[in-house]
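As a plain string of letters, each chain reads:
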Amino acid sequence: MTPIVYAGFSKLEITMQAAVIAMLWEAHHQSNLWQPTTILAMLLFAGVLGLMAHYRMKLVNHWLLGVVGSGVLAALFWGSAPARSMLITLTADQRQWAIGMYAIMAFVVFGYWLRAYADDLNKASLKRLVEYDAGASAQAYAQYQKALTTMFNRAQAQHEPLTLLSIDCDHFKQINDRYGHLAANAALIGVSDTINQTLQQYDLAYRIYQTGGEELNIVFPGVHPQAVVKIANHIRQAVKDSEYAYDGRSMNGTVSIGITERHDDDQNIDELYKRADDAVYTSKRNGRDLITVEHTVLTDTAPAVEDYSQYRYFAQGVYDLSLDGQPRYYHELLLRHYDAELKRWVLPSDFEIPVAEIPRLLRQVIAADPLHNYNINLTAAQFRDVEVARVLTALAESPDGPTNLTVEVTEVANAAITRHISAIYRSAGMKILIDDVGSDNSFELVQNELPYFDGVKFAMQNLRRTNDADQMHERIAFWRQVAQANHLSFILEGVETQADLDLAKKTRHSICPRILL
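To keep things clear, this report deals only with the structure shown in the data block.

What counts and how
- Residues numbered from 1 in each chain as written.
- Predicted model: local features only at pLDDT ≥ 70, side-chain atom pairs only at ≥ 80, totals over all residues.
- Heavy atoms only, no water.
- Helix = DSSP H or I, 4+ residues; strand = E, 2+ residues; numbered from the N terminus.
- Buried < 20%, exposed > 50% of the residue type's maximum accessible area, 1.4 Å probe, protein only.
- Contact = heavy atoms within 4.5 Å.
- Areas by Shrake-Rupley, 256 points an atom, 1.4 Å probe, with all protein chains shown as cover.
- Pairing = 2+ DSSP bridges.
- Axes fitted to C-alpha atoms, helices over the stretch in contact; angles between N-to-C directions.
- Parallel < 35°, antiparallel > 145°, perpendicular 65-115°, else oblique.
- Left-handed = near helix turned anticlockwise from the far one by under 90°.
- Nonpolar A, V, L, I, M, F, W, Y, C, P; charged D, E, K, R; others polar.

A closer look at the overall build of the protein chain
At step 1: Broken down by element type, the protein chain carries 17 helices and 19 strands.
At step 2: Counting the 517 residues in the protein chain, one finds 47% classified as buried.
At step 3: Across the protein chain, contacts joining residues at least 24 apart in sequence account for 68% of those joining residues at least 6 apart.
At step 4: Of the accessible surface of the protein chain, which amounts to about 26100 Å², a share of 57% is contributed by carbon and sulfur atoms.

Written out as structure tokens, the structure is:
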């Protein structure tokens, strides 16, 4: 009976199942088949079974409803059966036992389906995350170019308006560097869903294309930019107000938008596309989270001045396994800001805070904790910035500064820049670490830069989903050897379980559990 509720059968199979149920019903109700009460029970039975089949997804998500429905079916079947059925004399206890046994079987079946369905959803979600870059493949881009060229040529020939809205996610690489590829894809999927949901609220024809990992383009045939600005601002605000999650992490973001329209003197589609790109770049150059129409930045959509008083460094421990008791000997500082609406601390949308704010935030941490050894994360732009290096070295050398201050870099610059910047930090006795080796930073990317660094951090959390225990151990062993060969410290990041801790102890080096303190 229960398989009818499952969606994996063809109409022919369902018909055969229904025929078997009808045969069972007839076999057990031969002596009273045409009595009014039996006919009523049969009709109710068919109705309940039909409802369960129609609302099968509700039963999968709320499996106790399926158990209750199955109990009703069993009660109708056995309650209407005659006293003598299939050569068996049915007592009240036997009827109750049969109803109870069927309810128990339904309990097991629906519970199993719920678990299988949840696993299917997780696999589908992970597959979507892993394969999201397929939208930016050469084939998808070629299809986009062909479709846009067709629309452009038609509009040009008929002198009709055509507006192109280009969207680029702000600071996307920071999310990718910090949390890994799948987390970044989760954020991109969330932004894409937000944009689609916003567009569906407007009665305008449009075509949306993903032309790059963090880039989307929306074409509005027959529409002038003035009509698109309201939609663009709605998209910008919707993305800004949304929160995207992956693996327990919460992510926020903004988008920069450029808008342009077809010009009569455009020679080809490339000119339209270039103006849209230039408009996006203008939005980014003027502070991001902005809309630019042609060359004009819409100032009424400008973001409010950031209140950096709501920013704090949170510290997570770095422990030394080579010493007895595994003492904490460093703090890794993680930047957060307080969201008044969510009433909690969240990731900031922009990690590149003004350089003057860094010493202020660091001194807050120094005043709150007696251990004054810190690792501070820098974006690629901050690491290349000589002014940031000068401010941090001045703080490191000041009497009220930290005892030890180490810089962590998630993206390695070219050798010339790394050599110049590392010399500034080393002059103040500071150390520099390469973050996320083994995942975002491969050996080929960093091998020529290793002489300018003092240590490497292996990010277990970025590889946990794609590597089993043996593969993880092999990767860790490789990077440990790299660190030893280059006389670098080795930090294992992402220790979350006892098994991880046991693995870390085998390395006899430093670990960094991902626990905010």
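Looking at the pairing of strand β16 (residues 431-437)
At step 1: Of all seven residues making up β16, six are buried, and the element is well covered by its neighbours.
At step 2: The sheet contact formed by strand β15 (residues 404-409) and β16 spans four bridges and is parallel. Among the inter-strand pairings, V407 is bridged to a residue of β16, identified as I432.
At step 3: Inspection of the sheet shows β16 paired to strand β17 (residues 455-459) by three bridges, in the parallel sense. Considered in β17, the bridge of I434 is made with V456.

Re the pairing of strand β12 (residues 328-339)
At step 1: With respect to burial, β12 is a largely interior element, nine of its 12 residues being buried.
At step 2: Sheet analysis places strand β11 (residues 311-320) next to β12, joined by nine bridges and oriented antiparallel. Note on β12: the bridge partner recorded for R312 is R336.
At step 3: Direction of pairing for β12 relative to strand β14 (residues 373-378): parallel, over a ladder of three bridges. Residue pairing for β14: L333 is matched across the bridge by I376.
At step 4: Remark: four residues form the turn of the hairpin made by β12 and strand β13 (residues 344-346), two consecutive strands paired antiparallel; K343 in that turn has positive phi of roughly 60°.

Topic: the packing of helix α2 (residues 36-54) against helix α4 (residues 63-80)
At step 1: Direction vectors running N to C along α2 and α4 enclose 160°, while the axes themselves pass 9 Å from each other. Considered as vectors, α2 and α4 are oriented roughly antiparallel to each other. Here α2 and α4 pass one another in a crossing that is left-handed. Residues T38, A41, L44, F45, V48, L49 and M52 of α2 lie in contact with α4, whose contacting residues are G66, G69, S70, V72, L73, L76, F77 and S80.
At step 2: A per-class count over the contact of α2 with α4 returns 10 nonpolar, five polar and no charged.

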